[in-house]
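Chain and residue survey
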Amino acid sequence: LYTTTIEETIGSTTDYTTVESAQVNPPEYTIKLRNIKSPIYVNFSEEYHTSWKAAVGDFKWYDSLLRKGYFLPDTIHARTDTGLNSFYIDLKELKTDILGRYTENPDGSIDVDLTIYFSSQSYFYLGLLLSGVTLVACGGLLIGGYWHRRSRRPSLTTNGTMH
């Protein structure tokens, strides 16, 4: 993950700046952008796919399913000449879209935390959660049915007669 001030192309070279970033897990990366004064491109070296999205601030996978407009607009995401991902971050638009989820510095620059996330992963997590709940519910019904049948069986008294 790195930033450039102009769009990267195969035929030209441009200066880049590395950014503080971390891979949380394969579909999720966090990025800390500091002292941003002008529009930049955040370049991400994973194969381009429309499911890669950018979110600002604290990220929760389930919020991406529940809240419309959770990610920055798709219009900022582009495919580079090399088939990778690039996100165009324009300060004016960013300040309008994220309202208060950034820190403005005394010199007018901003600090913002981004999460790059493969949004289709949320559906996998949702499916896994629903499957787990279903498994637990079925197990509970089986165990409950077993105990219910066992408690209704006639028991023998100490003298050998049915009770």
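Attention here is on the structure that accompanies the text.

Some remarks on the nonpolar core
- If you look at the biggest cluster of nonpolar residues, it comprises 21 residues, and the most contacted ones within it are Leu33, Val42, Leu72, Phe87, Ile89, Leu114 and Ile116.
- Listing elements by their share of this core, those giving two or more residues are strand 4 (28–36), strand 5 (40–47), strand 6 (52–56), strand 8 (84–89), helix 2 (91–98) and strand 10 (110–118).
- Counting residues in hydrophobic clusters, the runner-up holds 5 residues, among them Ala55, Phe59, Tyr70 and Phe71.

Examining the environment of Lys95
- Here Lys95 lies in helix 2.
- Judged by its relative accessible area of 24%, Lys95 falls in the partly exposed class.
- Here the alpha-carbon distance between Lys95 and Pro39, two residues 56 residues apart in the chain, equals 12 Å.
- Each residue touching Lys95, except ones within four places of it in the same chain, is listed here: Tyr102, Glu104, Gly108 and Ile110.

Brief notes about a nonpolar patch on the surface
- A surface patch of nonpolar side chains, amounting to about 510 Å² of accessible area, comprises Tyr123, Leu126, Leu129, Leu130 and Val133.
- Following the sequence through the fold, Leu126 ends up in helix 3 (residues 121–152).

Describing the pairing of strand 3 (residues 20–25)
- As defined by bridge partners, strand 3 adjoins strand 4 across 5 bridges and the pair is classed as antiparallel. Considered in strand 4, the bridge of Asn25 is made with Glu28.
- Between strand 3 and strand 4, which pair antiparallel in sequence order, lie 2 residues.

Focus: the sheet that holds strand 5
- Read from one edge to the other, the open sheet built from 5 strands follows the order 2-1-5-8-7, with strand pairing classed as antiparallel. Taken across any chain shown, the strands that pair with only one partner, and hence form the sheet edges, are strand 2 (17–18) and strand 7 (77–79).
- Where strand 1 (residues 2–4) meets strand 2, 2 bridges bridge the pair, whose relative direction is antiparallel. Residue pairing across strands places Tyr2 opposite Thr18, the latter belonging to strand 2.

Details of the side chain of Asn105
- By the secondary structure assignment, Asn105 is in the loop between strand 9 (103–104) and strand 10.
- Asn105 sits in the buried class, given a relative accessible area of 15%.
- A distance of 3.2 Å separates a polar atom in the side chain of Asn105 from a polar atom in the side chain of Asn35.
- At 3.1 Å, the side chain of Asn105 and the side chain of Asp111 are in polar contact.
- Apart from the residues within four sequence positions on either side, Asn105 is in contact with Asn35, Ile110 and Asp111.

Each value, and the rule that gives it
Residues numbered from 1 in each chain as written. Predicted model: local features only at pLDDT ≥ 70, side-chain atom pairs only at ≥ 80, totals over all residues. Heavy atoms only, no water. Core = buried A, V, L, I, M, F, W, Y, C linked by side-chain atoms within 4.5 Å. Buried < 20%, exposed > 50% of the residue type's maximum accessible area, 1.4 Å probe, protein only. Helix = DSSP H or I, 4+ residues; strand = E, 2+ residues; numbered from the N terminus. Contact = heavy atoms within 4.5 Å. Patch = residues over 30% accessible without salt bridge, like charges linked within 9 Å, V, L, I, M, F, W, Y side chains within 5 Å. Areas by Shrake-Rupley, 256 points an atom, 1.4 Å probe, with all protein chains shown as cover. Salt bridge = Lys/Arg side-chain N within 4 Å of Asp/Glu carboxyl O. Pairing = 2+ DSSP bridges. Polar contact = N/O pair within 3.5 Å; in protein donor to acceptor, adjacent residues only side chain to side chain.

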